[in-house]
Amino acid sequence: MNKSPPVHPTLKGNKWVLYPNNHWVKIWDTMFLMILIYYGFMIPYMVGVSGGYHMLNQKFWLVFNLIINFIYIIDAIMLFFRAYYDDEGMLVYELKKIARNYMCSRQFILNFISCFPTQALLYGLDRLIFNADPDVTDTSFLFLTLIDLIKLLRLTRVSSLTKSSYFIQSFWEKQSIPKMMLAVFVGKMILFSHFLACFWSFVAFAQAQSFDFTKEGVPPTWISVWYESSYIPGSINPIGWSNDIDRYALSLFWAIQSITSIGYGNIVPVSRIEYYIANMLMLVSGVFWAYAIGNIIQILDHVHSREMFYKVKMDSANSLINSFPPIDPNREPDYGVGDAEVLASRIRRFLTEQYNKTSRLSPDSEFNSKKLEEVYPLIEHLSPELRQLTSLHLHRGVLEKIPYLSSKYLSPTEQSEVAFKCVFIEFARGETFYEDIQYGRGVLLLKNGFCMATRKSKPEQKRWYTRGEPIGINDVLVDGDFLGRDEKRRLTFYSYSLALYIPRSVIMKVLKKRPDIWKDCARWCYLQACLLKWAREKNKRELP
């Protein structure tokens with residue numbers, strides 16, 4: 001009988017391992033995070049405001065909470081099978097190590113305690129003992145709901161879940177930083193206000209030991225005093241076990257007053273314990289409000305950073321313009337220099353159009369005569385493979401429009417090398433361009449704006465170029481001396497334009513390294529440029 005080959009100890013039970021990037025694990029993590037958020041709001045509300053009224057009187061809420069408790073038990077068991085990344089970034093998938101790490105962690109103890117089915121216990125005690133014995137009231141039973149506070153320990157799972165969940169991390173990384181900062185800040189504000197409101201409501205209930213705060217013999221609380229002084233028939237009524245929504249609205253009103261330091265004065269502590277607790281809560285609220293203001297400033301700083309950068313540049317431009325020599329109105333502008341007022345206007349307009357039209361490409365970058373890693377500094381911090389792939393995603397669409405630089409002839413690595421040698425150039429409205437002063441002749445492709453191309457030999461022949469159209473694919477292969485000054489393109493830009501520039505030196509280096517590309521493709525582009533030059537010269541000679 002054939003025996004199966006031995007299995008390495010680390011692979012035993014491998015089919016039961018749940019990996020972080022598993023599709024169903026991602027869905028489970030998202031659902032479980034929603035459950036934790038629900039617990040964060042529901043438990044303080046049930047303990048401090050409603051006293052379990054809805055759970056004990058509406059079976060839907062009882063069943064719903066029991067289902068959630070069952071899901072949490074399943075999740076606690078699943079953690080024995082969930083692979084994780086260690087401190088060195090290595091994936092741990094051996095079942096014994098996973099179980100050992102989980103059982104030795106604080107999370108195991110917290111999960112074990114918080115899995116206690118308090119809802120079922122409370123519902124059973126209410127039906128079997130408290131409703132059966134007329135001497136035991138529901139109000140005395142409500143203190144047993146404090147047991148449910150154990151489930152708040154589940155909130156410690158939020159931090160580990162957001163760090164370990166691939167889906168949550170991926171979602172977070174795709175979002176705008178200011179928007180996510182704002183969402184987190186608003187969430188913290190709502191949660192803190194909710195906790196404060198529920199605790200303040202519980203303070204009144206703990207003293208009265210009843211939700212009927214106006215009943216004879218019940219000690220005065222802040223709720224009873226508010227009811228006697230401010231209650232108007234038809235408005236919110238916090239008296240009674242079933243009036244939990246109104247009681248919560250009143251408590252939340254006080255909580256927001258305390259956090260924002262408004263303090264209308266219509267809700268005040270009455271007893272000694274209420275004064276002590278109110279002092280403590282207001283101190284905590286003051287600290288949280290300072291934290292909130294700091295967060296708001298930080299978010300606004302992120303949101304308006306680009307606008308502030310534009311204002312700083314415009315201020316520097318005005319300082320530069322003020323340094324120009326005084327203008328003599330009776331003197332004609334020097335040839336080739338131009339009028340100082342016109343130049344000042346062009347500088348300001350260029351900066352404004354640069355601010356308005358490049359936000360989609362890179363909100364915080366300047367482009368003029370800069371290479372890829374200068375425009376996107378983050379690229380320098382990536383690994384070699386990620387650098388290559390990033391450059392291809394940014395520039396491959398451009399290279400594919402140039403036949404001899406396309407993927408038909410160049411490998412991804414070769415295309416990436418070309419991409420890193422491309423240069424961004426900005427043009428102001430009304431600017432003319434022959435070739436780059438630093439990089440010489442090359443191929444130009446507009447990413448923004450439009451321009452008109454003419455030749456000195458044929459000024460009446462004009463061609464318009466818009467976004468995505470390459471300029472000079474054939475001419476760049478011809479030597480400048482042979483092409484002649486009159487045959488060089490003169491580009492006039494009629495709006496702010498951003499272009500990608502591939503220097504001729506980069507193209508010729510590729511063709512020298514790969515003679516097969518010259519033989520199969522580039523020489524035909526060269527020949528086409530020469531024939532067009534010859535045709536233009538012939539037509540020029542034939543003209544009278």
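None of the values given here were measured: they were computed from a predicted structure.

### Some words on the overall build of the protein
Inference 1: The secondary structure content of the protein amounts to 21 helices and 11 strands.
Inference 2: In the protein, which comprises 544 residues, the share counted as buried stands at 40%.
Inference 3: A fraction of 74% describes how many contacts in the protein between residues 6 or more apart in sequence connect residues 24 or more apart.
Inference 4: When the accessible surface of the protein is summed, it comes to about 31400 Å², and 62% of that surface belongs to carbon and sulfur atoms.

### Considerations on the packing of aromatic side chains
Inference 1: Applying the stated criterion across every chain yields a total of 23 aromatic pairs.
Inference 2: Each ring, one from Phe427 and one from Phe433, has its centre 5.1 Å from the other, and the planes form 70°; the classification is edge-to-face. With respect to class, Phe427 is no different from Phe433; both count as buried.
Inference 3: Centre to centre, the rings of Phe427 and Phe493 are 4.0 Å apart; their planes meet at 10°, and the pair counts as stacked. Taken together, the residues Phe427 in strand 4 (residues 423–427) and Phe493 in strand 10 (residues 489–493) connect sequence positions 66 residues apart. The pair formed by Phe427 and Phe493 is uniform in burial state, with each residue classed as buried.

### As for the pairing of strand 11 (residues 497–503)
Inference 1: Of all 7 residues that make up strand 11, 7 are buried, and the element is covered over most of its length.
Inference 2: Where burial is concerned, the two faces of strand 11 agree: the one with Ser497, Ala499, Tyr501 and Pro503 and the one with Leu498, Leu500 and Ile502 are both buried.
Inference 3: Taken together, the 5 bridges between strand 4 and strand 11 define a ladder with antiparallel strand orientation. Pairing of Phe427 across the sheet is with Ser497, part of strand 11.

### Observations regarding the sheet that holds strand 5 (residues 432–433)
Inference 1: The 4 strands lie next to each other as 5-10-7-8, forming an open sheet whose pairing is antiparallel. Bordering the open sheet on either side are strand 5 and strand 8 (463–465), each of which pairs with just one other strand.
Inference 2: Inspection of the sheet shows strand 7 (residues 451–455) paired to strand 8 by 3 bridges, in the antiparallel sense. Counted as the bridge partner of Ala453 is Arg463 from strand 8.

### A look at the pattern of salt bridges
Inference 1: Taken as a whole and assessed by the stated rule, the structure comprises 5 salt bridges.
Inference 2: Notably, a salt bridge pairs Glu400 with Arg396, separated by 3.5 Å at the nearest N-O pair.
Inference 3: A salt bridge links Asp516 to Arg514; its shortest N-O distance comes to 2.9 Å.
Inference 4: Overlapping salt bridges, with partners in common, bring together Glu414, Arg514 and Asp516 in one network.

### Here we look at the environment of Arg463
Inference 1: By secondary structure assignment, the location of Arg463 is in strand 8.
Inference 2: By relative accessible area, which is 45% here, Arg463 ends up partly exposed.
Inference 3: Linking Arg463 and Ala453, residues 10 residues apart in sequence, is a C-alpha distance of 5.2 Å.
Inference 4: At a separation of 3.3 Å, a polar atom in the side chain of Arg463 contacts the side chain of Tyr465.

### Structural notes on the sheet that holds strand 11
In any sheet, the strands associate via hydrogen bonds between backbone groups, in a parallel or an antiparallel arrangement.
Inference 1: Strand order across the open sheet formed by 5 strands is 3-4-11-6-9, with antiparallel pairing between neighbours. The open sheet is flanked by strand 3 (370–371) and strand 9 (470–471), the only strands paired with a single partner.
Inference 2: Here strand 6 (residues 442–448) pairs with strand 9 via 2 bridges, running antiparallel. Bridge assignment links Leu444 to a residue of strand 9, and that residue is Ile471.
Inference 3: Across the face of the sheet, helix 20 (residues 504–513) comes into contact with strand 6 and strand 11 while running at roughly 40° to strand 11.

### Things to note about the pairing of strand 7
Inference 1: With 5 of 5 residues buried, strand 7 is to be regarded as a mostly interior element.
Inference 2: Side chains of strand 7 alternate between two faces, with Cys451, Ala453 and Arg455 and Met452 and Thr454 buried alike.
Inference 3: Sheet topology note: the strand 7/strand 10 ladder contains 5 bridges and is antiparallel. Across the sheet, the residue bridging to Met452 is Thr492, located in strand 10.

### A word on the packing of helix 17 (residues 384–399) against helix 18 (residues 412–421)
For any two helices packed against each other, one specifies the inter-axial angle together with the distance between the axes.
Inference 1: Put simply, helix 17 and helix 18 touch, their axes get as near as 8 Å, and they point 80° apart. By the angle between their directions, the pair helix 17 and helix 18 is classed as roughly perpendicular. From helix 17, Arg387, Gln388, Ser391, Leu392, His395, Arg396 and Leu399 reach across to helix 18, where they touch Pro412, Thr413, Gln415, Ser416, Val418, Ala419 and Phe420.
Inference 2: Its residues assigned to classes, the contact of helix 17 with helix 18 comprises 6 nonpolar, 6 polar and 2 charged.

### Points about the confidence of the model for the protein
Inference 1: For the protein, per-residue confidence averages 78 on the pLDDT scale, and residues scoring 70 or more make up 79% of the total.
Inference 2: Highest mean pLDDT in the protein belongs to helix 12 (residues 244–260) (91); lowest belongs to helix 7 (residues 138–141) (48).
Inference 3: The model gives residues 4–11 a pLDDT under 50, and that stretch makes 5 contacts with residues more than four places away or in other chains.
Inference 4: Under a pLDDT of 50 for its full length, residues 360–365 has, in the predicted model, 13 contacts with residues more than four places off or in other chains.

### Comments concerning the nonpolar core
Inference 1: Counting 55 residues, the largest nonpolar core has Phe32, Leu196, Trp200, Phe213, Trp222, Trp254 and Ile267 as its most contacted members.
Inference 2: Of all the secondary structure elements, the ones that give two or more residues to this core are helix 1 (23–50), helix 3 (59–78), helix 10 (177–208), helix 11 (222–230), helix 12 and helix 13 (272–303).
Inference 3: A per-element tally of this core places helix 10 first, with 13 residues.
Inference 4: Beyond its immediate chain neighbours, meaning those up to four positions away, Phe32 contacts Ile71, Tyr72, Asp75, Arg157 and Leu161.
Inference 5: Leu372, Ile402, Leu498 and Ile517 belong to the second-largest nonpolar core, a separate cluster that totals 37 residues.

Cut-offs used in this document
Residues numbered from 1 in each chain as written. Predicted model: local features only at pLDDT ≥ 70, side-chain atom pairs only at ≥ 80, totals over all residues. Heavy atoms only, no water. Helix = DSSP H or I, 4+ residues; strand = E, 2+ residues; numbered from the N terminus. Buried < 20%, exposed > 50% of the residue type's maximum accessible area, 1.4 Å probe, protein only. Contact = heavy atoms within 4.5 Å. Areas by Shrake-Rupley, 256 points an atom, 1.4 Å probe, with all protein chains shown as cover. Phe/Tyr/Trp six-rings, centres within 6.5 Å; stacked < 30°, edge-to-face > 60°. Pairing = 2+ DSSP bridges. Salt bridge = Lys/Arg side-chain N within 4 Å of Asp/Glu carboxyl O. Polar contact = N/O pair within 3.5 Å; in protein donor to acceptor, adjacent residues only side chain to side chain. Axes fitted to C-alpha atoms, helices over the stretch in contact; angles between N-to-C directions. Parallel < 35°, antiparallel > 145°, perpendicular 65-115°, else oblique. Nonpolar A, V, L, I, M, F, W, Y, C, P; charged D, E, K, R; others polar. pLDDT = per-residue confidence, 0-100. Core = buried A, V, L, I, M, F, W, Y, C linked by side-chain atoms within 4.5 Å.

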